[in-house]
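Residue-level listing of the chains:
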Amino acid sequence: MKIYRFTTVDALREEIFRSPLEQYILVSLTDRKIELLPHAVRRLRQIAEHTDVSMVYSWFYDVEPDGKAVAHPLSHYSPGSLRDDFDFGGIVLLNAADVLAASEDFGAEESQFSDGGWYALRLRMSQGRYFSMLPEYLYRMDKTDMRTSGQKQHDYVNPRSASYQLQMEEVLTNHLYEINALVRPQGLRISMEDTETDDNTHFPVDMSVIIPVRNRVRTIGDAVQSALSQLTEFTYNVIVIDNCSTDGTSELLDSIEDSRLVVLRPAPEDMLGIGGCWNMGVLSEKCGRFCVQLDSDDVYSGRHVLSAIYRKFYEEGCAMVVGSYFLSDFELNPIPPGLIDHSEWTEENGRNNLLRVNGIGAPRAFYTPVLREILFPNVSYGEDYAVALRISRDYHIGRITEGIYYCRRWEGNSDAALSQQKICEHNEYKDFLRTCELVARIQANNEYADEDSKFEELFASGNPFLNGDVDEQIFGPEDGNDEEDDEDDE
């Protein structure tokens with residue numbers, strides 16, 4: 001079977017029409033050299049025919065410059081696999097009829113996208129159909145990108161990819177509209193003045209900095225000092241969850257004499273991940289009305305960070321505030337790409353676009369009553385993304401675009417050099433989170449539609465986020481569904 005190099009959706013359609021009548025077409029998604037192993041195409045076809053799926057892709061071997069072949073497993077595809085950089089490998093077997101049906105109403109715009117419309121095509125093909133990942137190594141492919149996972153992590157925020165990101169956001173938004181998964185245009189806002197009196201007796205301080213830590217004796221002192229040196233007109237404390245450290249971290253924490261420092265120590269049998277440590281801090285009677293993230297190897301960029309976050313909560317009635325951060329080396333010297341401000345976020349559509357990107361930014365801060373209702377999953381990867389997705393379904397999220405945080409990149413980072421297997425595990429977990437959130441948003445929209453025909457009126461003329469005709473009156477005032485939403489927490 002001929003391997004067709006994908007360039008654009010239009011060109012792929014033309015190739016299908018020109019070729020002899022075939023049920024499947026083998027498509028390459030890369031210019032890298034590919035060597036099929038014996039019976040690879042036969043195996044791909046077998047799976048496609050036996051399972052009646054729209055796409056089959058498989059594991060492969062990376063061939064490094066020295067000729068060494070290294071296993072490259074891939075992740076299973078799910079409804080939540082909404083990242084535009086989902087790794088299908090080098091070749092995919094596509095059902096030709098499904099390609100034509102999915103792209104029938106595509107215009108020239110899709111083919112003019114930077115990716116030729118591939119993202120739009122595979123999202124459309126996934127609607128009501130399945131993709132199959134074959135966990136067998138069927139080909140070899142030259143490896144050209146030798147960077148580690150930590151070095152690739154922020155590729156998508158490179159300013160050179162700004163136009164691409166906008167295109168992909170448009171594609172995703174269309175997809176969410178088609179499957180009825182768009183969130184309402186404006187998130188619910190919290191009246192801090194109304195809640196302050198009611199909740200005042202429950203919170204010993206206005207704000208808490210929460211720092212989970214395990215075996216970070218080299219950096220925990222810097223983090224704690226960064227938090228304790230904040231200048232504020234409100235009360236705050238620093239809650240460190242020392243998760244069974246054995247390298248001197250515990251002794252260092254015990255040597256710090258400051259009444260604002262609270263050290264909590266879970267038992268080893270609690271088996272807490274980062275998310276579990278966060279829950280311990282958030283549920284503590286020492287926790288303030290707002291809680292702010294600080295990783296054990298990072299520092300705030302100045303002494304007024306907590307004040308800026310505090311103001312944002314009151315100015316916009318946020319359930320969550322997210323700042324911007326500088327990437328730096330261990331000595332806090334800036335490294336590319338520098339400031340990470342997640343400029344792809346917009347107030348109108350950021351809560352939808354969050355389903356496409358892998359993170360929301362840092363530092364993250366939360367309105368404690370909302371966070372106590374949701375809590376974190378007890379994992380050490382994706383726990384913050386899970387909470388951000390859940391909060392974004394209902395609530396307004398405030399953004400601070402100035403750099404208020406230094407994210408250190410050093411050999412001690414847990415994501416500095418992940419194996420391909422670990423990358424797959426991480427990606428599959430976040431895809432699982434997206435799938436759960438996607439289903440929840442569809443169910444919520446169906447409930448809106450059942451209760452009020454105005455929901456259908458909103459979408460009658462097309463996608464309101466792309467048409468620019470969002471009418472708040474369709475949903476009522478921003479706090480019009482407080483009672484229902486408060487009951488919908490996980």
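It should be emphasised that the depicted structure is a prediction, and the values quoted were computed from it without experimental measurement.

1. Focus: the overall build of the protein
Working step 1: Assigned secondary structure in the protein consists of 20 helices and 16 strands.
Working step 2: Relative to its full complement of 490 residues, the protein shows a buried share of 54%.
Working step 3: Across the protein, the fraction of contacts at a sequence separation of at least 24, relative to all contacts at a separation of at least 6, is 80%.
Working step 4: When the accessible area of the protein is evaluated, it comes to approximately 21900 Å², of which 49% is carbon and sulfur surface.

2. Some points on the packing of aromatic side chains
Working step 1: What the rule picks out here adds up to 24 aromatic pairs.
Working step 2: Aromatic pair phenylalanine 6 and tryptophan 118: ring centres 5.6 Å apart, planes at 65 degrees, arrangement edge-to-face. Taken together, the residues phenylalanine 6 in the loop between strand 1 (3-5) and helix 1 (9-18) and tryptophan 118 in helix 5 (residues 118-125) connect sequence positions 112 residues apart.
Working step 3: What makes phenylalanine 6 buried here is its relative accessible area of 6%.
Working step 4: A ring pair is formed by phenylalanine 88 and tryptophan 118, whose centres lie 5.8 Å apart and whose planes are at 85 degrees; its orientation type is edge-to-face. Highlighted residues: phenylalanine 88 in the loop between strand 5 (69-72) and strand 6 (91-95) and tryptophan 118 in helix 5, separated in sequence by 30 residues. When sorted by exposure, phenylalanine 88 lands in the same class as tryptophan 118, which is buried.
Working step 5: Ring-pair connections join several aromatic residues into one group, and the members of that group are Phe6, Tyr57, Tyr77, Phe86, Phe88, Trp118 and Phe131.
Working step 6: Directly above the aromatic system of phenylalanine 330 lies the positively charged group of arginine 218, at a separation of 4.6 Å from the ring centroid.

3. Details of the pairing of strand 14 (residues 334-340)
Working step 1: Where strand 13 (residues 320-328) and strand 14 come together, 3 bridges link them in antiparallel fashion. Along strand 14, the bridge assignment pairs phenylalanine 326 with leucine 339.
Working step 2: Turn length for the strand 13-strand 14 hairpin, with the two strands adjacent in sequence and antiparallel, is 5 residues, and the turn residue leucine 332 shows positive phi of about 70 degrees.

4. With respect to the side chain of asparagine 95
Working step 1: Relative to the elements of secondary structure, asparagine 95 occurs in strand 6.
Working step 2: Within polar-contact distance, the side chain of asparagine 95 engages the backbone nitrogen of alanine 97 at 3.0 Å.
Working step 3: Only 3.1 Å separates the side chain of asparagine 95 from the backbone nitrogen of aspartate 98, close enough to count as a polar contact.
Working step 4: Residues within four places of asparagine 95 in sequence aside, it is in contact with Gln23, Tyr24, Val53, Ser54, Met125 and Arg129.

5. Points about the nonpolar core
Working step 1: Within the largest apolar cluster, 128 residues are counted, with the highest numbers of intra-cluster contacts made by Leu12, Tyr57, Leu94, Ile309 and Ile391.
Working step 2: Looking at which element gives the most residues to this core, the answer is helix 12 (residues 305-316), with 7 residues.

6. Observations regarding the environment of methionine 207
Working step 1: Looking at where methionine 207 falls in the secondary structure, it is placed in strand 8 (residues 207-213).
Working step 2: Residue class for methionine 207 comes out buried when judged on its relative accessible area of 0%.
Working step 3: Placed 81 residues apart in sequence, methionine 207 and glycine 288 show a C-alpha to C-alpha distance of 4.4 Å.
Working step 4: In contact with methionine 207, not counting residues within four places along its chain, are Phe234, Thr235, Tyr236, Asn237, Gly288, Arg289, Phe290, Val292, Leu306, Ile309 and Tyr310.

7. Topic: empty space enclosed by the protein
Working step 1: The tally for this structure, following the rule as stated, stands at 2 cavities of 30 Å³ or more.
Working step 2: Taken as a whole, the second largest cavity holds about 30 Å³ of empty space.
Working step 3: Considering the residues around the second largest cavity, the lining is formed by Glu344, Trp345, Gly350, Asn353, Leu354, Val357, Gly359 and Ile360.
Working step 4: Here the residues of the lining of the second largest cavity sort into 4 nonpolar, 3 polar and 1 charged.

8. Some thoughts on the packing of helix 5 against helix 7 (residues 162-178)
Working step 1: Put simply, helix 5 and helix 7 touch, their axes get as near as 9 Å, and they point 15 degrees apart. It follows that helix 5 is roughly parallel to helix 7 by the angle criterion. Here helix 5 runs over helix 7; the crossing is right-handed. Taking contact as the criterion, the partners of Tyr119, Ala120, Leu123 and Arg124 in helix 5 are, on helix 7, Met168, Val171, Leu172, His175 and Glu178.
Working step 2: Taken together, the residues of the contact of helix 5 with helix 7 sort by class into 6 nonpolar, 1 polar and 2 charged.

9. Considerations on helix 15 (residues 383-394)
For an α-helix, the turn length of 3.6 residues means that residues three or four places apart are oriented alike.
Working step 1: Burial runs high along helix 15: 12 of the 12 residues are buried.
Working step 2: Among the residues of helix 15, those classed as buried are Glu383, Asp384, Tyr385, Ala386, Val387, Ala388, Leu389, Arg390, Ile391, Ser392, Arg393 and Asp394.

10. Digging into the confidence of the model for the protein
Working step 1: For the protein, per-residue confidence averages 89 on the pLDDT scale, and 86% of positions sit at 70 or higher.
Working step 2: The low-confidence segment residues 469-490, where pLDDT is below 50, has 44 contacts with residues more than four positions distant or belonging to other chains.

11. Here we look at unusual backbone geometry
Working step 1: Note that the residue after proline 336, namely proline 337, is joined by a cis bond; omega there is 0 degrees.
Working step 2: On the secondary structure map, proline 337 appears in strand 14.
Working step 3: Cis geometry is adopted by the peptide bond preceding proline 363, which originates at alanine 362 and carries an omega value of -5 degrees.
Working step 4: Note that proline 363 resides in the loop between helix 13 (350-353) and strand 15 (364-367).
Working step 5: Despite not being glycine, methionine 271 has its phi angle at roughly 55 degrees, a positive value.
Working step 6: Counting through the fold element by element, methionine 271 comes out in the loop between strand 10 (261-264) and helix 11 (274-283).
Working step 7: For methionine 271, a relative accessible area of 64% corresponds to the exposed category.
Working step 8: Although it is not a glycine, leucine 375 sits at a positive phi angle of roughly 65 degrees.
Working step 9: You can see leucine 375 is positioned in the loop between helix 14 (368-374) and helix 15.

Rules of the game
Residues numbered from 1 in each chain as written. Predicted model: local features only at pLDDT ≥ 70, side-chain atom pairs only at ≥ 80, totals over all residues. Heavy atoms only, no water. Helix = DSSP H or I, 4+ residues; strand = E, 2+ residues; numbered from the N terminus. Buried < 20%, exposed > 50% of the residue type's maximum accessible area, 1.4 Å probe, protein only. Contact = heavy atoms within 4.5 Å. Areas by Shrake-Rupley, 256 points an atom, 1.4 Å probe, with all protein chains shown as cover. Phe/Tyr/Trp six-rings, centres within 6.5 Å; stacked < 30°, edge-to-face > 60°. Lys NZ or Arg CZ within 6 Å of the ring centre and 35° of its normal. Pairing = 2+ DSSP bridges. Polar contact = N/O pair within 3.5 Å; in protein donor to acceptor, adjacent residues only side chain to side chain. Core = buried A, V, L, I, M, F, W, Y, C linked by side-chain atoms within 4.5 Å. 1 Å grid on protein atoms, 1.4 Å probe; cavity = no way out; pocket = protein on both sides within 12 Å on 5 of 7 lines; lining within 4 Å. Points joined across faces, edges and corners; volume = space filled by probe spheres on them. Nonpolar A, V, L, I, M, F, W, Y, C, P; charged D, E, K, R; others polar. Axes fitted to C-alpha atoms, helices over the stretch in contact; angles between N-to-C directions. Parallel < 35°, antiparallel > 145°, perpendicular 65-115°, else oblique. Left-handed = near helix turned anticlockwise from the far one by under 90°. pLDDT = per-residue confidence, 0-100.

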